[in-house]
Amino acid sequence: MAERIEQRLEDRVPELEQLERVGLFTRKEVRAVLRKASALEYKIQRRALRKEDFINYIQYEINLLELIKKRRARIGYSFKKDEIENSILHRVHGLFNRATGKWKDDLQLWLSHVAFCKQWNAKHQLSKVFSTMLAIHPNKPALWIMAAKWEMETQLSSESARHLFLRALRFHPECPKLYQEYFRMELMNAEKQRKEKKVFERAKMDLGELSYSEEILNGEMARIIYRDAAQKIKGVEFHLAVLSIAKLFDFTQDLQKEILESLQTKYADDPLTWDYMARRELELGSLQSTEHTTKRMKVSEMTQREERSCAVFEEAVRAVPTEDMWKCYIAFCLERYNRKTNSEELKQKRLQRTLSVFNKAHESSLLPEALYKQWLQLLLESSLFEKATEVAEAATRCFKLSVEVWQMRLQVLIQLKSDNVNQCFEEAVKHVKSKGTLPLWILWVEWSEGTNSKEDTEVLFQRALHATTPAESVTVKERYLDWSYRSGGYKKVKRVFTSLCENRPFSLDFFRKMIQIEKEQESCKMLHLREYYERALREFGSTDSDIWLDYVKEELSHPQGKPENCGSIHWRAMKMLQGDLVEDFVSKYTLLQTGHL
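Residues numbered from 1 in each chain as written. Predicted model: local features only at pLDDT ≥ 70, side-chain atom pairs only at ≥ 80, totals over all residues. Heavy atoms only, no water.

S.K.: Help me out: how do you make sense of the overall build of the protein chain in this one?
M.R.: Secondary structure assignment for the protein chain yields 29 helices and 0 strands. In terms of C-alpha radius of gyration, the protein chain reaches 37 Å, well past the compact-globule figure of 25 Å for 597 residues. Structurally, the protein chain occupies a C-alpha span of about 100 × 80 × 50 Å along its principal axes. Counting only residues that meet the buried cut, the protein chain has 45% of its 597 residues in that class. Long-range contacts, defined here as pairs at least 24 residues apart, represent 60% of the contacts in the protein chain between residues at least 6 apart. Accessible surface, the protein chain as shown: approximately 33,000 Å² in total, 50% of it carbon and sulfur. Averaging the positions of the 97 positive and the 89 negative side-chain charges in the protein chain gives two centres separated by 3 Å. (Helix = DSSP H or I, 4+ residues; strand = E, 2+ residues; numbered from the N terminus. Rg over C-alpha atoms; globule rule 2.2 N^0.38 Å. Buried < 20%, exposed > 50% of the residue type's maximum accessible area, 1.4 Å probe, protein only. Contact = heavy atoms within 4.5 Å. Areas by Shrake-Rupley, 256 points an atom, 1.4 Å probe, with all protein chains shown as cover. Lys, Arg positive; Asp, Glu negative; His and termini not counted. Charge placed at Lys NZ, Arg CZ, Asp CG, Glu CD.)

If you want it as structure tokens, here you go:
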């Protein structure tokens with residue numbers, strides 16, 4: 001091993017001598033590089049290899065390359081790259097090859113090597129990396145696409161890219177993304193050849209042996225790919241994806257027409273097909289931009305296009321009366337409404353249209369629960385309070401068991417300062433099962449605190465404790481304790497705390513809150529603090545080391561504290577704490593004893 005390391009360090013000497021000779025590094029820096037390289041070499045020649053050692057070595061070499069690049073720019077020296085950079089690049093590739101050979105499944109290592117090759121323009125090496133990586137990871141379509149894109153865009157080789165896509169499809173015959181990118185590549189190739197041909201024709205140059213296939217120029221290769229894919233891949237999403245790619249090229253009108261016809265034939269009942277056809281109306285027949293186009297004409301044109309889209313949507317909800325279809329229609333209306341416009345008339349038309357569509361979906365009993373919230377927000381923003389109240393009530397009739405819908409209705413009533421809030425709360429808790437009702441009870445007590453008497457609010461807290469599940473009652477107890485202190489002071493909260501302590505479960509915050517309240521009193525008594533800490537430790541002494549440490553701190557710092565109790569607390573903590581918490585407690589306790597915590 002020592003001989004191998006010596007040999008590898010000796011191989012570095014020529015490049016380091018060149019660095020010193022041309023003034024890029026000083027002798028001191030060269031020695032430092034040699035020392036660091038020696039340490040790194042020893043780590044990667046051990047019997048038990050670690051991935052981190054290779055990564056650190058590679059990063060060091062990359063940093064060295066970057067430093068040399070900056071030094072060259074600073075002194076304006078650009079010679080001897082073969083002897084210096086190429087030697088380092090060769091070594092980095094070697095390190096990557098060893099690392100990826102040892103840890104073949106680590107995709108990040110492979111991708112780091114790819115990125116390095118691209119950064120330093122190592123085309124020949126990158127071709128090898130892609131070849132080896134794809135042989136080991138043929139099950140990852142994204143890697144095939146990456147390699148094919150590189151061949152097409154960097155190497156300018158459509159033939160190599162096509163070959164990679166065809167190989168990839170043998171492994172993944174039903175991968176939509178592979179077909180989409182293959183389709184795109186063939187259209188890019190056709191566009192490139194069309195441009196080349198145009199340049200030659202303009203220059204009236206003799207094409208000689210160059211021949212351009214009309215089929216490729218017209219995108220026939222892409223058409224073949226689409227037809228093949230359409231037989232294997234089901235679903236409207238794929239057709240829409242290839243259609244959006246085809247629209248990027250100005251010579252694909254016939255291809256777009258074929259995809260569109262296939263879409264309408266195969267997926268006539270799919271909401272996404274109708275959604276696409278409706279939105280397409282926005283793009284058709286756009287007004288030509290001229291100097292004489294007035295603002296009013298533009299608004300009129302936009303209104304007409306949106307109305308054409310809505311006419312398609314209206315036909316769609318009749319043909320496909322489903323929740324998903326209405327969702328598409330409403331999403332379109334909301335998008336148009338949220339678009340910025342200086343025309344108040346257009347803004348109002350969009351608002352009226354959106355509210356009308358919400359109403360139609362509701363009347364058809366096909367408005368999803370989540371969209372009622374958006375409808376209500378829009379009504380409240382538009383100050384249509386009476387309608388908002390009606391819609392909120394209708395939503396709770398449709399979704400009687402939904403906590404979220406009742407919460408939404410109650411928030412509307414609270415916001416409008418309605419007299420029916422209390423009645424609505426009673427109705428809500430009658431319909432909804434106890435599990436999951438915590439948000440309703442929290443909203444109720446918060447509203448009551450600002451509206452009702454203290455007695456009424458306390459009754460509500462008591463009801464909430466019995467109505468919620470044990471896990472949810474933990475939050476109610478915390479809120480009840482906090483409210484008791486704010487509304488009735490120390491004596492009140494002490495009484496509430498004592499009564500609540502009779503009913504598990506609790507949270508640690510429940511006890512911490514009471515400890516904090518005690519510490520805020522002018523006559524803070526250690527006797528009371530001990531009681532709260534002891535109660536907390538009974539519940540959380542085995543799972544929380546910090547509460548033990550806080551107890552120790554209290555005994556050390558409180559005027560009525562007894563430092564001699566700390567040993568006993570330490571001994572009990574060691575017995576009760578579980579697993580790693582013991583070690584955590586011991587280290588913190590030691591720091592506390594030495595005054596470092």
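Now, onward.
S.K.: Please explain helix H2 (residues 27–44) as it appears in this structure.
M.R.: In an α-helix, one full turn covers 3.6 residues, which means residues spaced three or four apart are oriented alike. Compared with an ideal rise of 1.5 Å per residue, which puts 18 residues at 26 Å, H2 spans 26 Å between its outermost C-alpha atoms and is within 8% of the ideal. Listed as buried for H2 are Val 30, Val 33, Ala 37, Ser 38, Leu 40, Glu 41 and Ile 44. On its buried face, H2 is in contact with helix H1 (2–21), helix H3 (51–75) and helix H4 (85–102). (Expected span 1.5 Å × (residues − 1).)

S.K.: Where do I start with the UniProt feature "domain: U3 small nucleolar RNA-associated protein 6 N-terminal" (unreviewed entry) in the protein chain in this structure?
M.R.: The positions that UniProt labels "domain: U3 small nucleolar RNA-associated protein 6 N-terminal" (unreviewed entry) are, in the present scheme, residues 9–91. With 76% helix and 0% strand, residues 9–91 has its two end C-alpha atoms placed 11 Å apart. (UniProt positions renumbered as here; feature names shortened; annotations may be inferred.)

S.K.: I would appreciate a short explanation of empty space enclosed by the protein in the present structure.
M.R.: Where empty space is left in the structure can be found by rolling a water-sized probe over the atoms. Under the definition given, this model contains 1 cavity of 30 Å³ or more. Each pocket or cavity is described by its volume, and for the largest cavity that value is around 60 Å³. Secondary structure elements with two or more residues in the lining of the largest cavity: helix H7 (141–153) and helix H9 (176–202). Examining the composition of the lining of the largest cavity, we find that 4 residues originate from one element, H9, more than from any other. Taken together, the residues of the lining of the largest cavity sort by class into 4 nonpolar, no polar and 4 charged. (1 Å grid on protein atoms, 1.4 Å probe; cavity = no way out; pocket = protein on both sides within 12 Å on 5 of 7 lines; lining within 4 Å. Points joined across faces, edges and corners; volume = space filled by probe spheres on them. Nonpolar A, V, L, I, M, F, W, Y, C, P; charged D, E, K, R; others polar.)

S.K.: How do you make sense of the packing of helix H13 (residues 253–266) against helix H14 (residues 271–283) when you look at a structure like this?
M.R.: Two quantities define a packed helix pair, namely the angle between the helix axes and the distance between the axes. Put simply, H13 and H14 touch, their axes get as near as 10 Å, and they point 135° apart. As judged from the angle between their axes, H13 and H14 are oblique. Here H13 and H14 pass one another in a crossing that is left-handed. Note on element contacts: H14 touches H13 through Thr 273, Tyr 276, Met 277 and Arg 280, opposite Leu 260, Leu 263 and Gln 264. The residue inventory of the contact of H13 with H14, partitioned by class, reads 4 nonpolar, 2 polar and 1 charged. (Axes fitted to C-alpha atoms, helices over the stretch in contact; angles between N-to-C directions. Parallel < 35°, antiparallel > 145°, perpendicular 65-115°, else oblique. Left-handed = near helix turned anticlockwise from the far one by under 90°.)

S.K.: Any chance you could explain the domain arrangement of the protein chain here in plain terms?
M.R.: One frequently used descriptor of interface size is the decrease in accessible area upon assembly of the parts. By domain assignment, the protein chain separates into domain 1 (1–103) and domain 2 (529–596). The centre of domain 1, based on its C-alpha atoms, is set 53 Å off from the matching centre of domain 2. (Domains from an automatic or database assignment.)

S.K.: How do you make sense of H14 when you look at a structure like this?
M.R.: Here H14 contains 13 residues, and its C-alpha end-to-end distance of 19 Å stays within 8% of the 18 Å for a straight helix at 1.5 Å per residue. Looking only at H14, the buried set comprises Pro 271, Thr 273, Trp 274, Asp 275, Tyr 276, Met 277, Ala 278, Glu 281 and Leu 282. Against helix H12 (236–246), H13, helix H15 (295–319) and helix H16 (323–338) lie the buried residues of H14. Among the residues of H14, the N-terminal cap falls to Asp 270, whose side-chain oxygen and the backbone nitrogen of Leu 272 are separated by 2.8 Å. (Polar contact = N/O pair within 3.5 Å; in protein donor to acceptor, adjacent residues only side chain to side chain.)

S.K.: Please clarify how the packing of aromatic side chains should be interpreted in this entry.
M.R.: Pairs of aromatic rings are described using the distance from one ring centre to the other and the angle between the two planes. Tallied over the full model, the rule gives 28 aromatic pairs. Look at Phe 54 and Trp 103: their rings are 5.7 Å apart centre to centre, the planes differ by 70°, and that puts the pair in the edge-to-face class. Here Phe 54 is found in helix H3, whereas its partner Trp 103 is found in the loop between H4 and helix H5 (107–119), with 49 residues between them in sequence. Neither residue differs from the other here; Phe 54 and Trp 103 are each classed as buried. With a centroid separation of 5.5 Å and 75° between ring planes, the pair formed by Tyr 77 and Phe 79 is classed as edge-to-face. Lys 69 extends its terminal NZ or CZ atom over the ring of Trp 120, reaching a point 5.7 Å from the ring centre. It is Lys 347 that lies over the ring of Tyr 337; its NZ or CZ is 4.4 Å from the centre. (Phe/Tyr/Trp six-rings, centres within 6.5 Å; stacked < 30°, edge-to-face > 60°. Lys NZ or Arg CZ within 6 Å of the ring centre and 35° of its normal.)

S.K.: Could you clarify how one ought to interpret the pattern of salt bridges in this entry?
M.R.: It is possible for side chains bearing opposite charge to pair when their charged atoms get close. All told, the structure shown has 49 salt bridges when counted by the stated rule. Across the salt bridge formed by Lys 149 and Glu 181, the nearest N and O atoms sit 3.9 Å from each other. Of this pair, Lys 149 sits in helix H7 while Glu 181 sits in helix H9; the two residues are 32 residues apart in sequence, bridging distant segments of the chain. Asp 546 is the partner of Lys 588 in a salt bridge, and the nearest nitrogen-oxygen pair spans 3.2 Å. Here Asp 546 lies in helix H27 (residues 545–557) and Lys 588 lies in helix H29 (residues 581–593), a separation of 42 residues in the sequence. Asp 546 sits in the partly exposed class, given a relative accessible area of 34%. (Salt bridge = Lys/Arg side-chain N within 4 Å of Asp/Glu carboxyl O.)

S.K.: I would appreciate a short explanation of the packing of helix H23 (residues 454–467) against helix H24 (residues 470–500) in the present structure.
M.R.: The N-to-C vectors of H23 and H24 enclose an angle of 145°; their axes lie 9 Å apart at closest approach. Crossing handedness for the pair H23 and H24: left-handed. Along its contact with H23, which presents Lys 454, Thr 457, Glu 458, Phe 461, Gln 462, Ala 464 and Leu 465, the element H24 presents Ser 473, Val 476, Lys 477, Arg 479, Tyr 480, Trp 483, Ser 487, Lys 492, Val 496 and Leu 500. Of the residues that constitute the contact of H23 with H24, the class distribution is 8 nonpolar, 4 polar and 5 charged.

S.K.: In this structure, what is going on with the environment of Leu 591? I would like to understand it.
M.R.: In this fold, Leu 591 is placed in helix H29. For Leu 591, a relative accessible area of 37% gives the class partly exposed. Counting along the chain gives 88 residues from Leu 591 to Asn 503, while the straight-line C-alpha distance between them is 37 Å.

S.K.: Would you explain a positive patch on the surface in this entry?
M.R.: Together, Arg 194, Lys 195, Lys 198 and Arg 202 make up a positively charged patch on the protein surface. Tracing the chain through its elements places Lys 198 in helix H9. Taking the relative accessible area as the measure of exposure, Lys 198 reaches 48% and is therefore partly exposed. (Patch = residues over 30% accessible without salt bridge, like charges linked within 9 Å, V, L, I, M, F, W, Y side chains within 5 Å.)

S.K.: It is not clear to me how the side chain of His 113 should be interpreted in this structure. Could you clarify?
M.R.: Looking at the secondary structure, you find His 113 in helix H5. Those residues in contact with His 113 that sit more than four places away from it in its chain are His 93, Phe 96, Asn 97, Gln 125 and Val 129.

S.K.: Looking at this structure, I do not really get the side chain of Arg 91. What am I missing?
M.R.: In this structure, Arg 91 sits in helix H4. The class of Arg 91 is buried, set by a relative accessible area of 11%. Here Glu 15 takes part through its side chain, which lies 2.7 Å from a polar atom of the side chain of Arg 91. Leave out the neighbours within four places in its chain, and Arg 91 touches Arg 8, Arg 12, Glu 15, Tyr 57 and Glu 61.

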